[in-house]
Amino acid sequence: MNGQKLYSCIVLSGGKSRRMGQDKGSMIIQEKPMILHILDRLNYKINDAVIVLNDAERIADYQSLLNQYCEGNIEDNFDYSLFFVEDEIKEKGPISGIMTGLKNIKTNYALVLPSDSPFISECFIDSMFNLLEEKLESHIDAIIPFHIKSNKEKFKDTEEFNFDDASEMTMDMKIANSEPLHSIYKKENLNNIDELLKEDNLYVKSFIKGLKNPCFIEVDNKVLFEKDFRNFNRKEDLEDLE
């Protein structure tokens, strides 16, 4: 690793992938595992990355897989420290993964990414960290992208979730149309997640709602682009790649 960078990344790989029918992060897309696309694009941008997985068996599986596709030792392929950690609280979804990741990062802020977004761009990563740099003096808790038009199929024709301009949106609507798994969070927010887990409130958007000083950034196709939020949940999502 070449010197200490200011920020970290948490890659969430603990999902059950029920709709896909197999582990998504380890699926081979364009000749390498989905997760490796993400790890490669993080090079020279972060201090450390934490990959959160369900259990020790999946950690061993991912390490073995990356060994097959990396030259030499896994760690030698990246300009940052790479850690594999087991999800601290099982069966609680991404909010537990975020908590586990925040506990293990070596800096004060981490960009959270899901392992099923292999086409996340270097431009997106740079833009998110640049936005954070601009807001640091404001002691923000998070950088959270949001859409003015819902990107969820079930809400695309629902007026309540679709706007012509961000100025029309309340805070609650920005949260509803947000991308919580493509956001930056501050390590100090760990207590907020712990309280939600005690209440069995597993919604990441509930965590966002409880933040004191979040910063919402519109996905405007100028700074942040829609294409960076493309992920793969079903096998038919992969058809365009064939």
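Scroll up a little and you will see the structure.
The sections below set out a description of the structure shown in this document. All of these numbers come straight from a predicted model, not from anything done at the bench. (Residues numbered from 1 in each chain as written. Predicted model: local features only at pLDDT ≥ 70, side-chain atom pairs only at ≥ 80, totals over all residues. Heavy atoms only, no water.)

1. Looking at the overall build of the protein chain
Applied cut-off: In this description a helix means any DSSP run of H or I spanning at least four residues, a strand means any run of E spanning at least two, and both kinds are numbered starting from the N terminus. Think of it in three bands: residues with accessible area under 20% of the maximum for their type are buried, residues over 50% are exposed, and the middle band is partly exposed, with areas taken using a 1.4 Å probe on protein chains only. When checking whether two residues touch, look at their non-hydrogen atoms; a contact exists if any pair is within 4.5 Å. Note on areas: Shrake-Rupley with a 1.4 Å probe; residue coverage comes only from the protein chains shown.
Scanning the protein chain for helices and strands turns up seven helices and nine strands. When each of the 242 residues of the protein chain is scored for burial, the buried share is 51%. Long-range pairs, those at least 24 residues apart, make up 77% of the contacts in the protein chain with a sequence separation of at least 6. Summed over all atoms, the accessible surface of the protein chain reaches about 12100 Å², with 43% contributed by carbon and sulfur.

2. Here we look at the packing of helix α1 (residues 34-41) against helix α2 (residues 56-69)
Under the convention used in this document: The angle between two axes is taken between their N-to-C directions and runs from 0 to 180 degrees, where each axis is a line fitted to C-alpha atoms and a helix contributes only its stretch in contact. To sort the angles, those under 35 degrees are grouped as roughly parallel, those over 145 as roughly antiparallel, those from 65 to 115 as roughly perpendicular, and the leftovers as oblique. A crossing counts as left-handed when the near helix is turned anticlockwise from the far one by less than a right angle, and as right-handed when that turn is clockwise. Nonpolar residues are Ala, Val, Leu, Ile, Met, Phe, Trp, Tyr, Cys and Pro. Charged residues are Asp, Glu, Lys and Arg, and all others, Gly as well, are polar.
Contact geometry for α1 and α2: axes closest at 11 Å, N-to-C directions at 70°. Comparing the axis directions of α1 and α2 gives the class roughly perpendicular. In this structure, α1 meets α2 at a crossing whose hand is right-handed. For the pair α1 and α2, contact is made by I35, L36 and L39 and by Y62, L66 and Y69, respectively. When grouped by side-chain class, the residues that make up the contact of α1 with α2 number six nonpolar, no polar and no charged.

3. Regarding the pattern of salt bridges
Rule in force here: Should a side-chain nitrogen of Lys or Arg be within 4 Å of a carboxyl oxygen of Asp or Glu, the pair is scored as a salt bridge.
Considering all chains together, one arrives at twelve salt bridges under this definition. In this structure, K186 engages E188 in a salt bridge whose closest nitrogen and oxygen atoms are separated by 3.7 Å. According to the relative accessible area criterion, E188 is exposed, its value standing at 61%. It is possible to trace a salt-bridge network through shared partners that takes in K45, E122 and D126.

4. Let's talk about the environment of G101
Among the structural elements, G101 can be located in helix α3 (residues 94-104). A residue is classified by how much of its surface remains accessible, and G101, at 0% relative accessible area, is buried. C-alpha separation for the pair G101 and I10, spaced 91 residues apart in sequence, amounts to 5.6 Å. Leaving out residues up to four positions away in the same chain, G101 has contacts with I10, V50 and V52.

5. Quick look at the packing of aromatic side chains
Short version of the rule: Stacked, tilted and edge-to-face are the three classes assigned to paired rings of Phe, Tyr and Trp, where Trp is represented by its six-membered ring and a pair needs centres within 6.5 Å; plane angles under 30 degrees give stacked, over 60 edge-to-face, the rest tilted.
Taken as a whole and judged by the stated rule, the model has five aromatic pairs. Taking the centre distance of 6.4 Å and the plane angle of 80° together, the rings of Y7 and Y109 count as edge-to-face. With a gap of 102 residues between them, Y7 in the segment before β1 (8-12) and Y109 in strand β6 (residues 109-114) connect regions that are remote in the sequence. Residue Y7 shares its accessibility class with Y109, and that shared class is buried. On the numbers, 5.1 Å between centres and 15° between planes, the contact of Y7 with F129 is stacked. With a gap of 122 residues between them, Y7 in the segment before β1 and F129 in helix α4 (residues 122-135) connect regions that are remote in the sequence. Clustering of aromatic rings is evident, with ring pairs tying together Y7, Y109 and F129.

6. As for helix α6 (residues 190-198)
This is how the line gets drawn: Picture the helix axis, draw a direction to every C-beta atom, and the arc is the one those directions span.
Within α6, the full set of buried residues consists of L190, I193, L196 and L197. For α6, the buried positions fall inside an angular range of 125° around the axis, keeping them on one side. Along α6, the residues that are exposed and aim more than 90 degrees away from the buried face are N191 and K198. The elements touched by buried residues of α6 are α3 and α7 (204-209). Looking at the residues trailing α6, positive phi occurs at D200, about 60°.

7. Observations regarding the sheet that holds strand β9 (residues 214-218)
We apply this condition: DSSP calls a pair of strands paired once it identifies at least 2 bridges connecting them.
Strand order across the open sheet formed by seven strands is β5-β4-β1-β6-β8-β7-β9, with mixed pairing between neighbours. Each having just a single partner strand, β5 (81-86) and β9 make up the two edges of the open sheet. Each strand of the sheet is rotated relative to its neighbour by a mean of 25°, with strand direction disregarded. As defined by bridge partners, β1 adjoins strand β4 (residues 48-53) across five bridges and the pair is classed as parallel. Following the sheet pairing, L12 is matched in β4 by V52. Strands β4 and β5 of the sheet are contacted by α2, whose axis makes an angle of about 150° with β5. In this fold α4 packs onto β1, β6, β7 (142-146), β8 (184-186) and β9, with an angle of close to 150° to the strand it touches most, β6.

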